[in-house]
Amino acid sequence: MATFGTLSDRLTETFRNLRTKGKLTPADVDGTVREIRRALLDADVALAVVKEFTAKVRERALGDEVNKALNPAQQVVQIVNEELIAILGGQQRRLQFAKTAPTVIMLAGLQGSGKTTFAGKLAKQLEKEGHTPLLVAADLQRPNAVTQLQVVAQQAGAAVYAPEPGNGIGDPVRVARDGVDTARRQQHDIVIIDTAGRLGVDAEMMKQASDIRKAVDPDEVLFVIDAMIGQDAVTTARAFQDGVDFTGVVLSKLDGDARGGAALSVASVTGRPILYASTGEGLDDLEAFHPDRMASRILDLGDILTLIEQAQTAFDEAEAMKMAEKLATDQFTLEDFLDQLQQVKKMGSMKKMLGMLPGMGQMKQQLDDFDDREIDRTEAIIRSMTLAERRNPKVLNGSRRLRIARGSGVTVTDVNQLVQRFDQAAKMMKTVARGGVPSIPGMGPLGGKPGASSKRGGKRKSGNVGSRSGNPAKRAAENAGIAATTAPGTGAGFGLGGRGAEPTPQDLAEIQKLFGKS
């Protein structure tokens, strides 16, 4: 996640230095805590939060739990992880629904914080869960705020109540009250009220928000805050808590390149949980906030659970079982792969998904170089093939490959690389589907030593890995395929090349579950 990029890099580097030490001295702990403090302050975390956090980490790091640990460095990482979870709110909290419909959700926050966009995102997510939300346009101050909410509601497929044109015309308290009555009559089970914001905290704004709260008695008041505003987040959050009070927090623009201090400060300072995090501009870019998963991302430990949940949402279970069967029986074709690409695209940005894998913080440059449009190019190549060619790539001779390259706007080399990588990927996926450990050309089995040969138990020197074919043309082609697959920093339709963080047995087990294998 871009917001925590610098903080994550600083913390990862600090812990890397610890791993060289077999036993930690008080001086080592003090040095580590000092680096953590600097990293948090640079990330714009509130000073009070930093002091409390580092004091707890130091106390626990000097305690018996680290002194008696077999690996003190890992124990310190675990302590920092647990304390990060604590300042992010501890346990996840979901929306609280009213016992008698409709559930009323009021949104509050400064102008530009993303309230209106979040209203549409929340409505779309609730629609998917079987609810029937009604958006109420009670922001009658900001120019074209009512129109924006109507457009967002249309995109989300949700109903909207907007009796007033806005732009300074209308009574927002009456609109909010009538909106709840309308939802009750039309049998909407959730009401989302978009209220006005200001460029800064002022008495008029607080009074209006307070009056709306008194009029509709909401079940949830969500404070939407821009994750990019840094230290001002604490001041703004306290002002809203005193003036209106709120039951939960929403972090918007968490995909930005800011330092992320708001996310690490607001929950601890206000004592209110973070319920949602907005991670992009699209209406689907909204995640339920899990403190433990966010802490793992910050420490570059990955977020496999969220990745799996997204996959389960995007992939059809019955279709996944069919694909698993095809993988295990050598029937997986480019046509099937095209269908899988469509499913993957439903999950969102490939770069974002790769960033959820453990250790990907160490491949920041490769992630930055990765272009999501490569998936579109791969799709264009496959769509330029005939049905027979997709089902049997072996029929692709030179003239066919030239036709495909022209039809998809790429070079023949791109087509050749796609076919080569498809063959390699199909073999790897077949191995995983059967419960084995895949082998990457030039690297040997995953989990083994890079450069070790997977055949005959022989050893190869790392600089001499390549094809042993006696046919010069075939040897050159195979070496080109190996180089394209293992070159660091390449961003193609099949990923970032062969140099990634090695999956653990638990990760492989999760992958097998996605393929329908227990």
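Residues numbered from 1 in each chain as written. Predicted model: local features only at pLDDT ≥ 70, side-chain atom pairs only at ≥ 80, totals over all residues. Heavy atoms only, no water.

Participant: What is the right way to read the packing of aromatic side chains from this model?
Facilitator: The geometry of two aromatic rings is summed up by the distance between their centres and the angle between their planes. Scanning all chains against the criterion turns up 3 aromatic pairs. The interplanar angle of 55° and the centroid separation of 5.8 Å between the aromatic rings of Phe118 and Tyr276 together place this pair among those described as tilted. A residue pair is termed long-range when its members are at least 10 positions apart, and Phe118 in helix H6 (residues 115-128) and Tyr276 in strand E7 (residues 274-278) qualify at 158 residues. Assessed through its relative accessible area of 7%, Tyr276 is described here as buried. With centroids separated by 4.9 Å and ring planes inclined at 25°, the aromatic side chains of Phe223 and Phe246 adopt a geometry described as stacked. Here Phe223, found in strand E5 (residues 220-226), pairs with Phe246, found in the loop between helix H10 (232-243) and strand E6 (248-252); they are 23 residues apart in sequence, far enough to count as distant. (Phe/Tyr/Trp six-rings, centres within 6.5 Å; stacked < 30°, edge-to-face > 60°. Helix = DSSP H or I, 4+ residues; strand = E, 2+ residues; numbered from the N terminus. Buried < 20%, exposed > 50% of the residue type's maximum accessible area, 1.4 Å probe, protein only.)

Participant: Honestly, the packing of helix H2 (residues 26-42) against helix H3 (residues 47-61) in this entry has me stumped. Any pointers?
Facilitator: Geometry of a packed helix pair, given as the angle between the helix axes and the separation of the axes. Where H2 contacts H3, the two axes come as close as 10 Å, and the packing angle between them is 160°. Comparing their axes, H3 and H2 come out roughly antiparallel. Regarding H2 and H3, the two cross each other, and that crossing is right-handed. Residue-level inspection shows Val29, Asp30, Val33, Ile36, Arg37, Leu40 and Leu41 of H2 in contact with H3, the latter providing Leu47, Val50, Phe53, Thr54, Val57, Arg58 and Ala61. (Axes fitted to C-alpha atoms, helices over the stretch in contact; angles between N-to-C directions. Parallel < 35°, antiparallel > 145°, perpendicular 65-115°, else oblique. Left-handed = near helix turned anticlockwise from the far one by under 90°. Contact = heavy atoms within 4.5 Å.)

Participant: Quick question: what am I supposed to make of helix H9 (residues 203-216) here?
Facilitator: Helical periodicity: at 3.6 residues per turn, an α-helix aligns residues three or four positions apart in one direction. Taking 1.5 Å of rise per residue, the 14 residues of H9 would be expected to cover 20 Å, and the 20 Å separating its terminal C-alpha atoms lies within 8% of that figure. When we look at burial in H9, the residues that qualify are Met205, Met206, Gln208, Ala209, Ser210, Ile212 and Val216. In the core, the buried residues of H9 are packed alongside strand E1 (103-108), helix H8 (172-185), strand E4 (190-195) and H10. Backbone geometry just after H9 places Asp217 at a positive phi near 50°. (Expected span 1.5 Å × (residues − 1).)

Participant: Please explain H3 as it appears in this structure.
Facilitator: Taking 1.5 Å per residue as the helical rise, H3 with its 15 residues ought to reach 21 Å, and the 21 Å between its terminal C-alpha atoms agrees with that figure. Burial in H3 covers these residues: Val49, Val50, Phe53, Thr54, Val57 and Ala61. Taken end-on, H3 shows its buried residues confined to a sector of 115°, consistent with a single buried face. In H3, the exposed positions that point more than 90 degrees away from the buried face belong to Ala48, Lys51 and Glu59. (Arc of directions from axis to C-beta.)

Participant: What is the right way to read the environment of Ala183 from this model?
Facilitator: Along the chain, Ala183 falls in helix H8. Take Ala183: its relative accessible area is 0%, and that puts it in the buried class. Counting along the chain gives 82 residues from Ala183 to Ala101, while the straight-line C-alpha distance between them is 9.1 Å. If we ignore the near neighbours within four places in the chain, the residues touching Ala183 are Pro102, Leu134, His188 and Val191.

Participant: I keep staring at the pairing of E5 and nothing clicks. Help me out?
Facilitator: Of all 7 residues in E5, 7 are buried, a share of seventy percent or more. Where burial is concerned, the two faces of E5 agree: the one with Glu220, Leu222, Val224 and Asp226 and the one with Val221, Phe223 and Ile225 are both buried. Where E1 meets E5, 4 bridges bridge the pair, whose relative direction is parallel. Bridge pairing in E5 places Ile105 opposite Glu220. As paired strands, E5 and E6 are joined by 5 bridges and run parallel to one another. For Leu222, the partnering residue across the bridge sits in E6 and is Gly248. (Pairing = 2+ DSSP bridges.)

Participant: I would appreciate a short explanation of the packing of H8 against H9 in the present structure.
Facilitator: The interhelical angle for the contact between H8 and H9, taken along N-to-C directions, is 25°, at an axis separation of 9 Å. Looking at the two axes, H8 sits roughly parallel to H9. Considering how the two elements wind past one another, H8 and H9 form a crossing that is right-handed. Packed against H8, whose contacting residues are Pro172, Val173, Ala176, Arg177 and Val180, the element H9 presents Gln208, Asp211, Ile212, Ala215 and Val216 at the interface. A breakdown of the residues in the contact of H8 with H9 according to their chemical character gives 7 nonpolar, 1 polar and 2 charged. (Nonpolar A, V, L, I, M, F, W, Y, C, P; charged D, E, K, R; others polar.)

Participant: Mind showing me how you'd approach the pattern of salt bridges here?
Facilitator: As a working rule, side chains carrying opposite charge can pair if their charged atoms are close by. Across all of its chains, the model carries 18 salt bridges by this definition. A salt bridge links Glu164 to Arg174; its shortest N-O distance comes to 2.6 Å. Placement of Glu164 in the loop between strand E3 (159-161) and H8 and of Arg174 in helix H8 is noted, with a sequence separation of 10 residues between them. Looking at Glu164, the relative accessible area reads 16%, which means it is buried. By relative accessible area, Arg174 is classed as partly exposed at 33%. Among the ionic pairs, Glu335 bridges to Arg391, the shortest N-O distance being 2.9 Å. Residue Glu335 is located in helix H15 (residues 334-346), and its partner Arg391 is located in helix H19 (residues 387-391); the two are separated by 56 residues in the primary sequence. For Glu335, a relative accessible area of 21% gives the class partly exposed. (Salt bridge = Lys/Arg side-chain N within 4 Å of Asp/Glu carboxyl O.)

Participant: It is not clear to me how unusual backbone geometry should be interpreted in this structure. Could you clarify?
Facilitator: Trans peptide bonds make up the majority, and among non-glycine residues the majority have a negative phi. Here Ala101 and Pro102 are connected by a cis peptide whose omega angle stands at 5°. Tracing the backbone through its elements, the reader meets Pro102 in the loop between helix H5 (72-87) and E1. Even without being a glycine, Gln187 presents a positive backbone phi close to 65°. Its place among the elements puts Gln187 in the loop between H8 and E4. Despite not being glycine, Asp217 shows a phi value in the positive range, around 50°. Along the chain, Asp217 turns up in the loop between H9 and E5.

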